[in-house]
Structure formats: structure tokens, C-alpha cells
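# Examining the three-dimensional arrangement
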Amino acid sequence: MQMQIDILTLFPEMFSSLDHSIVGRARNSGKLTVNFHNFRDFATNKQKHVDDMPYGGGQGMLLMPQPIFDTLASFPHQNARILMMDPAGRQFDQAFAEELSKESQIVFLCGHYEGFDERIKTLVTDEVSLGDYVLTGGETAAAVMIDATVRLIPDVLGKSASHEDDSFSSGLLEYPQYTRPEVFRGLKVPEVLMSGHHENIRKWRLSESLAKTLRLRPDLLAKYELTAEESEILKRLEEESVV
Ligand code: ADE
């Protein structure tokens, strides 16, 4: 599978994280192409301004529609998902990353001012937020979304890596893991993991996943459909935490 990502930004240098590690390797191997489009290049005024004051008054500046429309018209993007980075958008999550990882082309539109002229929204398929906080611009949000998406493209993670047990992909947080040594500064690896007993290990991991999710992210459990086995473990965990 091949993916093309087009990024509309005034600050392409902010995306240097995409040169490294797994995303960098995906680009080098040809599984991923990333193109940058600086929409200041499409400004038609002498000063190369891309923003202006809001009609009706108010603080801050807004991105004008013309440079964005013209930039988007300058490259093919039929059937592409066009994402606008906006703190007021739908919140990005693992399920959305999985959906995006199946696309062949994704366009990220990054603003760096107070906001966008509303008419720019006629160009986009999704308004997306990284979370309930305001960043200085959409670039850092887009870089995070690209990272989370690209690692899910088939064969982008090596054979030894995997995303099936990732936190969130099942709806629960991931269980704790240990590697060598067996004892480090007095801290021991749980006995069951050394037992070689696969069924006991599976049960322990499931129980730890549930306990961790209950402790740190009870909101995830509320949305999660428990199996009979999981319900039983959870009941026990809840009883234990009460006493
Ligand atoms: N731009 C500024 N804040 C943002 C956020 N939280 N998500 C996406 N884009 C943004």
C-alpha cells in the first residue's frame, strides 16, 4: 500500500520529525510520500500576506480563503481526505488513525493564526482537533496525527513490532511488560511471566489491562463491551479496590 500526504503550511520546517524513525523509513522505502505546499507562495498581494482582520471586528487575524483555494488547486487531490487542523474540530483518536491509514491521499491544512475564514471549510472533508487545548498552530497537531496514522499502514512497522496489542486498539490500555534482567534494583519481574504457562500469562495480562484501565481511564471502560471473562475479572478488581 502507498500513501501520499500533502501538507499546507507556512512552516514546513516544523515537520522535521517526519524525517526520522519509522515515518522517515516509510518515506525512504516508498510506502509514503510527503509533499509540502507553502501557501504564502500563492498570496497575490505584494506583501505576501495570507491573513486579515475579521469582518464585524474582534481580536486576531484570520487566514484568507484565496491562498488556500489556489494552493489546493495546484496539485491533484481527487478522492483525498482533506483535514483542517482546528481545536474546534472532531477529536482525533486511534479509531480515526485506523480509518486514515486506509486512505491513499490525505491533505493536512495547518493554520497558524487565530482561525480560518469560514469559506475555507467548503474545501475540507474533516475538521480535526488533537485535543481540548489550543496550540500555536496546526503543525504540531498534524505531525502527531501523521505519526499515529503512518505506523498503521501495512508493513510500516517491522515484523518484530506490532500494533495489535497497543493501548486503545482493543479499547483497553496495554498490560505492563518486562525485559531483562529478571531483578533490577530489587524490582522483580512478575513470576507468572517466567512460568512459560501461556494460559496463565494471557489471564494475567488481561487482568492487568483491566486494572490499569480502571485506575487510569475509567472513561474507556464505559465505552467498552466486556466479554464474560472480562466482566468477571472486573467484578473481582472492583471488589478488591473497595476493601
Ligand atoms: N490548532 C490549534 N490548536 C489545535 C488543536 N488542539 N488541534 C488541532 N489544531 C489546532
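Bear in mind that the values here come from a model prediction, so they are computed numbers and not experimental data. (Residues numbered from 1 in each chain as written. Predicted model: local features only at pLDDT ≥ 70, side-chain atom pairs only at ≥ 80, totals over all residues. Heavy atoms only, no water.)

What follows covers the pattern of salt bridges. In this structure the tally under the stated criterion is 13 salt bridges. For Glu199, the salt bridge identified is with Lys203, shortest N-O distance 3.9 Å. A residue pair is termed a helical-turn pair when its members lie 3 or 4 positions apart in one helix, as Glu199 and Lys203 do in helix 5 (residues 198-216) at four residues. Across the pair Glu229 and Arg202 runs a salt bridge, and its minimum N-O distance is 2.9 Å. Taken together, the residues span a long stretch of sequence, with Glu229 in helix 7 (residues 228-242) and Arg202 in helix 5 at a distance of 27 residues. Judged by relative accessible area, Glu229 falls into the partly exposed class, the value being 29%. One network of salt bridges, in which partners are shared, links Arg81, Arg90, Glu99, Glu103 and Asp126. (Salt bridge = Lys/Arg side-chain N within 4 Å of Asp/Glu carboxyl O. Helix = DSSP H or I, 4+ residues; strand = E, 2+ residues; numbered from the N terminus. Buried < 20%, exposed > 50% of the residue type's maximum accessible area, 1.4 Å probe, protein only.)

Once that is clear, we can look at the nonpolar core. Among the nonpolar cores identified, the biggest contains 30 residues, and Ile5, Met85, Phe108 and Val150 are the most heavily contacted of them. Those elements giving two or more residues to this core turn out to be strand 1 (3-8), helix 1 (21-28), strand 2 (32-37), strand 5 (81-91), helix 3 (94-100), strand 6 (105-109) and helix 4 (138-150). Among the elements that take part in this core, helix 4 stands out by supplying seven residues, more than any other. In this structure, Phe108 is in contact with Ile5, Asp6, Ile7, Leu8, Leu83, Met85, Ala142, Met145 and Ile146, ignoring residues within four places of it in sequence. Counting residues in each nonpolar core, the second largest holds 18 residues, with Leu8, Val50, Val107 and Val124 among its members. (Core = buried A, V, L, I, M, F, W, Y, C linked by side-chain atoms within 4.5 Å. Contact = heavy atoms within 4.5 Å.)

Here we come to the site of the ligand. Lining the immediate environment of the ligand, one finds Met85, Asp86, Pro87, Val128, Ser129, Leu130, Gly131, Tyr133, Val134, Leu135, Gly137 and Ala141. Contact distances for the ligand include 3.3 Å between a nitrogen atom and a backbone N or O atom of Asp86. One of the backbone N or O atoms of Leu135 is found 2.9 Å from a nitrogen atom in the ligand. Relative to its free-state accessible area of 260 Å², the ligand is covered by the protein chains to the extent of 95%. (Near = heavy atom within 4 Å. Polar contact = N/O pair within 3.5 Å; in protein donor to acceptor, adjacent residues only side chain to side chain. Areas by Shrake-Rupley, 256 points an atom, 1.4 Å probe, with all protein chains shown as cover.)

Spanning 19 residues, helix 5 covers 27 Å between terminal C-alpha atoms, matching the ideal 27 Å at 1.5 Å per step. Of the residues making up helix 5, those classed as buried are Ile201, Trp204, Leu206, Ser207, Ser209, Leu210 and Thr213. The secondary structure elements touched by the buried residues of helix 5 are helix 6 (218-223) and helix 7. (Expected span 1.5 Å × (residues − 1).)

For strand 1, the buried fraction is high: five of the six residues fall into the buried class. Pairing of strand 1 with strand 2 involves six bridges; the strand directions are parallel. Following the sheet pairing, Leu8 is matched in strand 2 by His37. Read as a crossover between parallel neighbours, the route from strand 1 over helix 1 to strand 2 is right-handed. Sheet topology places strand 1 next to strand 6; five bridges connect them, and they run parallel. The residue of strand 6 that forms the bridge with Ile5 is Ile106. (Pairing = 2+ DSSP bridges. Right-handed = clockwise from strand over helix to strand, strands pointing away.)

A few words now on the pairing of strand 5. With four bridges joining them, strand 5 and strand 6 adopt parallel strand pairing. Directly across from Met84, in strand 6, lies its bridge partner Leu109. The β-α-β motif built from strand 5, the intervening helix 3 and the parallel element strand 6 has right-handed crossover chirality. Looking at chain direction, strand 5 and strand 8 (residues 126-129) are connected through five bridges and run parallel. By the bridge assignment, Leu83 is partnered in strand 8 with Asp126.

Time to look at the packing of aromatic side chains. Applying the stated criterion across every chain yields a total of two aromatic pairs. Here the aromatic rings of Phe15 and Phe36 are separated by 5.6 Å at their centres, their planes lie at 50°, and the arrangement is tilted. Taken together, the residues Phe15 in the loop between strand 1 and helix 1 and Phe36 in strand 2 connect sequence positions 21 residues apart. Residue classification places Phe15 among the buried residues on the basis of a relative accessible area of 1%. Seen from their ring centres, Phe92 and Phe96 are 5.9 Å apart, and the 70° between their planes marks the pair as edge-to-face. With respect to burial, Phe92 and Phe96 carry one shared label: buried. (Phe/Tyr/Trp six-rings, centres within 6.5 Å; stacked < 30°, edge-to-face > 60°.)

Attention shifts here to the sheet that holds strand 8. Spatially, the five strands line up as an open sheet ordered 2-1-6-5-8, and their pairing is parallel. Taken across any chain shown, the strands that pair with only one partner, and hence form the sheet edges, are strand 2 and strand 8. Strand after strand, the sheet turns through a mean of 30° between neighbouring axes, direction not considered. Sheet strands in contact with helix 2 (residues 65-73) are strand 1, strand 2, strand 5 and strand 6, and its direction is about 155° off that of strand 1. (Axes fitted to C-alpha atoms, helices over the stretch in contact; angles between N-to-C directions.)

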